Amino acid sequence: MTVKMTAQKRESSNKNSALTELRSKGNVPGVVYGFQTETTPVTVSEIDLIKTLRESGRNGVINLEIDGTTINVVLSDYQMDALKGSFKHVDFLAINMSDELEVAVAVHLTGESVGEKEGGFITQPNREVNVRVKPSDIPDALEVDTTELAIGETITVGDIRGTVSYEILDEDDFILVSVTAPRTQEELDELETVSDEDAEPEVVGSEDSEENKEA
């Protein structure tokens, strides 16, 4: 999906006061660089940025208009304020729509597996895969159907590589999802024992040490 967004050029400045003022007005400082584009400092409305990313997704193509010129870009990188949960900085990569890109795509699981119905637990050790694809064909996500997955079984990149129209860059043994067996009562008892041992208070001193202190 391609969506539109507007950016304004800004004076290049690393002064905290200038960047803080931008952010206080609801804007996010950023930079545009890449295909046939000079590195350009910009600022975008945070509201517009959030709305755009909701519509386009993390890897979607954005028609970024800067002073009347429109550039095809993708969100290359960003920084967040950990306390406020707001954007601190964004990097836009200008792209050639004819060239393939390497991007990370989220893995979404669908269906309820056979193993889950039998009491197993679904685990997803890797939530993204790296793919090479033309910008117009970037998928929103890689959907993996877990319906037939039994306890002790896994689905790897090798299992689904031939089902998609783009190149997955990860190795065939890259695990996407597995179903593990439920813990036995014996295993649960062992975990409880270990937990109890860890909870025992540590002896700070002994009678001998106290006597030595008094001496």
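In what follows, the structure referred to is the one given above.
Note that the structure is a prediction, hence the values are computed from the model and not measured. (Residues numbered from 1 in each chain as written. Predicted model: local features only at pLDDT ≥ 70, side-chain atom pairs only at ≥ 80, totals over all residues. Heavy atoms only, no water.)

K.L.:
Which residues make up the side chain of T37, and what values go with them?
P.N.:
Relative to the helices and strands, T37 resides in strand β3 (residues 37-45). At a separation of 2.8 Å, a polar atom in the side chain of T37 contacts the main-chain carbonyl oxygen of F35. If we ignore the near neighbours within four places in the chain, the residues touching T37 are V32, I71 and A94. (Helix = DSSP H or I, 4+ residues; strand = E, 2+ residues; numbered from the N terminus. Polar contact = N/O pair within 3.5 Å; in protein donor to acceptor, adjacent residues only side chain to side chain. Contact = heavy atoms within 4.5 Å.)

K.L.:
Pulling in residues and values, what's your account of the sheet that holds strand β8 (residues 121-123)?
P.N.:
Reading across the sheet, the 3 strands line up as β8-β13-β11 and stay open at both edges, with antiparallel pairing between neighbours. Of all the strands in the sheet, just β8 and β11 (154-156) have a single pairing partner and so form its edges. Neighbouring strand axes in the sheet, compared pairwise and without regard to direction, differ in orientation by 10 degrees on average. When β8 meets strand β13 (residues 175-180), the two strands line up antiparallel, connected through 3 bridges. Paired with I122 across the two strands is V179, which belongs to β13. (Pairing = 2+ DSSP bridges. Axes fitted to C-alpha atoms, helices over the stretch in contact; angles between N-to-C directions.)

K.L.:
Mind laying out the pattern of salt bridges, listing which residues take part and the relevant values?
P.N.:
Within the structure shown, the criterion is met by 4 salt bridges. E21 serves as the salt-bridge partner of K25, at 3.4 Å between the closest nitrogen and oxygen. With relative accessibility at 59%, the residue K25 sits in the exposed group. Residue R132 pairs with E167 through a salt bridge whose shortest N-O separation is 2.7 Å. Here R132 is found in strand β9 (residues 128-133), whereas its partner E167 is found in strand β12 (residues 167-168), with 35 residues between them in sequence. On the basis of relative accessibility, which here comes to 40%, the residue E167 falls in the partly exposed class. A network of salt bridges, in which partner residues are shared, links E102, R132 and E167. (Salt bridge = Lys/Arg side-chain N within 4 Å of Asp/Glu carboxyl O. Buried < 20%, exposed > 50% of the residue type's maximum accessible area, 1.4 Å probe, protein only.)

K.L.:
Could you give an account of the sheet that holds strand β7 (residues 101-110), with specific residues and numbers?
P.N.:
Across the sheet, which stays open at both edges, the 4 strands sit in the order β10-β7-β9-β12 with mixed pairing between neighbours. Across the chains shown, the open sheet's two edge strands, defined by having one partner strand only, are β10 (142-145) and β12. Where β9 meets β12, 2 bridges bridge the pair, whose relative direction is antiparallel. Along β12, the bridge assignment pairs V131 with I168.

K.L.:
Tell me about the pairing of strand β4 (residues 61-66), and name the residues and values.
P.N.:
Where burial is concerned, most of β4 is hidden: 5 out of the 6 residues are buried. In this structure, strand β1 (residues 2-9) lies alongside β4, joined through 6 bridges in parallel fashion. Across the sheet, the residue bridging to K4 is N63, located in β4. Note that β4 and strand β5 (residues 69-80) share 5 bridges and pair antiparallel. Bridge pairing links E65 to T70 in β5.

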